[in-house]
Amino acid sequence: MTTATLRVRAVPTQVVLRVRAVPPQVVRELLVRDDAGRPAAPSVDDEGGAPLRCCLRHSGPGERIALVTYAPLRRWAAETGVDPGAYDEQGPVFLHAEECAGPEGDGLPFTSAHRVLRRYSADGRILGGRLVQAPADFAPALREAYADPAVALVHVRAVEYGCFLYEVRRG
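Residues numbered from 1 in each chain as written. Predicted model: local features only at pLDDT ≥ 70, side-chain atom pairs only at ≥ 80, totals over all residues. Heavy atoms only, no water.

If you look the protein chain up in an unreviewed UniProt entry, it shows as DUF1203 domain-containing protein from Streptomyces labedae.

Laid out in structure tokens, this is it:
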């Protein structure tokens, strides 16, 4: 696992899950050429508040960030040797424009707004999803998702834009 991995225990079942930010090597690749084939165009975030997928926190005012195109399922599929088929989508993500230390601490990031937990099978097909509306609902929704042995990974996505936020995998 990369340094961009957090451990989360879905209490009370004690299922160990890993919350995965965009890995550092992938961040470096995306800053050269993103998954749509474009070079990154870093800028200074004057206001702050951009959800950074490299460290799973919001940017602060004055940080250098880049908005790039990322295809999370395509990259997972390449790693696991499956074909994501029509589910191979790409979308915008914010990253630090320079080296990032990755996530700090434990816990589930970006839970203060409505999110969709999208479940995928080991062959890269969508198995369903669930709207999560409150921070306290995240752990039960993840337990529910991973109670199904067919679930290989879960994407956490923003409701308002549909953007990928992070991935959750079994321990």
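Picking up where we left off.
(A) Region of interest: the environment of L153. Within the fold, L153 resides in strand β10 (residues 151–158). Once the C-alpha coordinates of L153 and S121 are considered, the two residues, 32 residues apart in sequence, prove to be 7.0 Å apart. Those residues within four positions of L153 in sequence are excluded, and the remaining contacts are W76, R118, R119, Y120, Y146, E167, V168 and R169. (Helix = DSSP H or I, 4+ residues; strand = E, 2+ residues; numbered from the N terminus. Contact = heavy atoms within 4.5 Å.)

(B) Local environment of helix α2 (residues 72–80). Taken as a whole, α2 has its buried residues at P72, L73, W76 and A77. Down the axis of α2, the buried side of the element spans an arc of 130°, and every buried residue falls inside it. Across from the buried face of α2, at angles greater than 90 degrees, the exposed residues are A78 and E79. Buried positions along α2 lie against β6 (63–70), β8 (115–121), β10 and β11 (164–170). G81 sits one or two residues past α2 and shows a positive phi near 80°. (Buried < 20%, exposed > 50% of the residue type's maximum accessible area, 1.4 Å probe, protein only. Arc of directions from axis to C-beta.)

(C) Up close: helix α3 (residues 138–146). Taken together, the buried positions of α3 are F138, A141, L142, A145 and Y146. The buried residues of α3 all sit within an arc of 125° when viewed along its axis, so they share a single face. Considering only its buried residues, α3 is in contact with β2 (15–20), β8, β9 (126–132), β10 and β11.

(D) Structural detail: the environment of R143. Inspection of the secondary structure puts R143 in helix α3. On the accessibility criterion, R143 (22% relative accessible area) is partly exposed. R143 sits 126 residues away from L17 along the chain, and the two C-alpha atoms are 9.4 Å apart.

(E) Region of the structure containing the pairing of β6. Taking burial as the measure, the eight residues of β6 include six buried ones, the bulk of the element. Where strand β3 (residues 43–45) meets β6, three bridges bridge the pair, whose relative direction is antiparallel. What sits directly across from S43, in β6, is I65. (Pairing = 2+ DSSP bridges.)

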